[in-house]
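A structural walkthrough
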Amino acid sequence: MLKSQKLLAMVFPVLLVVAVSGCTVSPWGGYTRATGQGVMILEWKPDFSYVESYDTVRFYLKVQNQGGEDAENVEAYITNINTRDWEGNTEERVDFDDLRAPNPFYGTEGETGEHYFELQAPELSEGLTQTYKPGVRVYYDYKTTAVKPITIVNYDELRRLIHQGKTLETGPTTTSAGPLRIDVITGKYIKVEEDPIVPITIHIENTGGGVVYNRARDKDYLIRLDIDTPRGYMTLGRCSGGGYDNGEVTLWEGRETNVNCDLRITNPPKSTVEDTITITAEYGYYIDAVTSVTVKGKRLEHV
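This write-up is about the structure you can find in this document. Source: prediction; values computed, not measured.

Parameters at a glance
- Residues numbered from 1 in each chain as written.
- Predicted model: local features only at pLDDT ≥ 70, side-chain atom pairs only at ≥ 80, totals over all residues.
- Heavy atoms only, no water.
- Patch = residues over 30% accessible without salt bridge, like charges linked within 9 Å, V, L, I, M, F, W, Y side chains within 5 Å.
- Areas by Shrake-Rupley, 256 points an atom, 1.4 Å probe, with all protein chains shown as cover.
- Salt bridge = Lys/Arg side-chain N within 4 Å of Asp/Glu carboxyl O.
- Lys, Arg positive; Asp, Glu negative; His and termini not counted.
- Charge placed at Lys NZ, Arg CZ, Asp CG, Glu CD.
- Helix = DSSP H or I, 4+ residues; strand = E, 2+ residues; numbered from the N terminus.
- Buried < 20%, exposed > 50% of the residue type's maximum accessible area, 1.4 Å probe, protein only.
- Pairing = 2+ DSSP bridges.
- Axes fitted to C-alpha atoms, helices over the stretch in contact; angles between N-to-C directions.
- Disulfide = S-S within 2.5 Å.

1. Here's the deal with a negative patch on the surface
On the surface, D70, E72, D98, D226, D228 and E282 cluster together into a negatively charged patch. Mapped onto the secondary structure, D70 falls in the loop between β8 (56–65) and β9 (71–79). Accessibility expressed as a relative area gives 44% for D70, which makes it partly exposed.

2. What to know about unusual backbone geometry
The phi dihedral of N73 falls on the positive side, at around 55°, and the residue is not glycine. Note on placement: N73 falls in strand β9. When its relative accessible area of 41% is taken as the criterion, N73 is described as partly exposed. Of note in this structure, N80 is not a glycine but carries a positive phi near 75°. With relative accessibility at 55%, the residue N80 sits in the exposed group.

3. Focus: the sheet that holds strand β15 (residues 180–185)
Judged by pairing direction, the sheet is antiparallel, and its four strands sit side by side in the order β15-β17-β23-β21 without closing on themselves. Lying at the two open borders of the sheet, with one neighbouring strand each, are β15 and β21 (234–240). Along the sheet, successive strands turn relative to each other by an average axial angle of 25°, direction set aside.

4. Details of the state of the cysteines
This structure, assessed with the given rule, holds one disulfide. Covalently, C239 is tied to C261 through a disulfide, its sulfur atoms 2.1 Å apart. The sign of the S-S torsion, about 115°, decides the handedness of the disulfide formed by C239 and C261: right-handed. Note that C239 is positioned in strand β21 and C261 in strand β23 (residues 256–265), a separation of 22 residues in sequence. Residue C239 is classed as buried on the basis of its relative accessible area of 12%.

What follows is the structure in structure tokens.
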């Protein structure tokens, strides 16, 4: 496999948990590319859009990690055409290894990768013309992290705050840039009586225009989910929905899913505590791009 050039995330019986949940067309090439953030296909085009049989055609691919996490195991390969007809002087698959994410602290952009696929236009009878739609598919492994602020307060503390005219506010869920969006949804005021269980809903949505795909297991829409609760105050209980099974969930038709979990408060605070719930999703992903090239048949010259 070729290596491409690389350029360049006391116990109170009554408690309250307060939380507020808070394909485009390229102007230069005419191909469709995925929208959203993560690894993006910046360019996919031939050096000539009109060629004759047996001509050498070079297809230029440029990708960039525009998300918030490093992309791992990035590779691309040609689709939509029969590579036996389009004989190649290069392999039809390229490995970019890992592509680093942008670094806001240093003001650097995400790492890019470039590659030329060199193919020979297929044989056509003289006088025939055929338009082909060569595609490229780019796979990578990625991670999306979501952080949800929460405020934990016992009933007596909340009552005192209300008497003082104060309010409790928390921010919305923040998600690292990537092809998945995650939101943690809770009730504004959740009263916990003798059994201090707090229900939450984790909403996961594919917004990247591509497909979630686990290459190692050849399985669509599979995501590995890690739920980190505030240490010392609560633990993760039962989860259901989204086909939840030992930390794995599946997007419905590849688009979205909801996972419902119970959080058990094990050590209620004596005063107001602000903390976070952190959700980490690990998954494989791929995006596609298509370009166009027209081939005119010609008589094969004797070599």
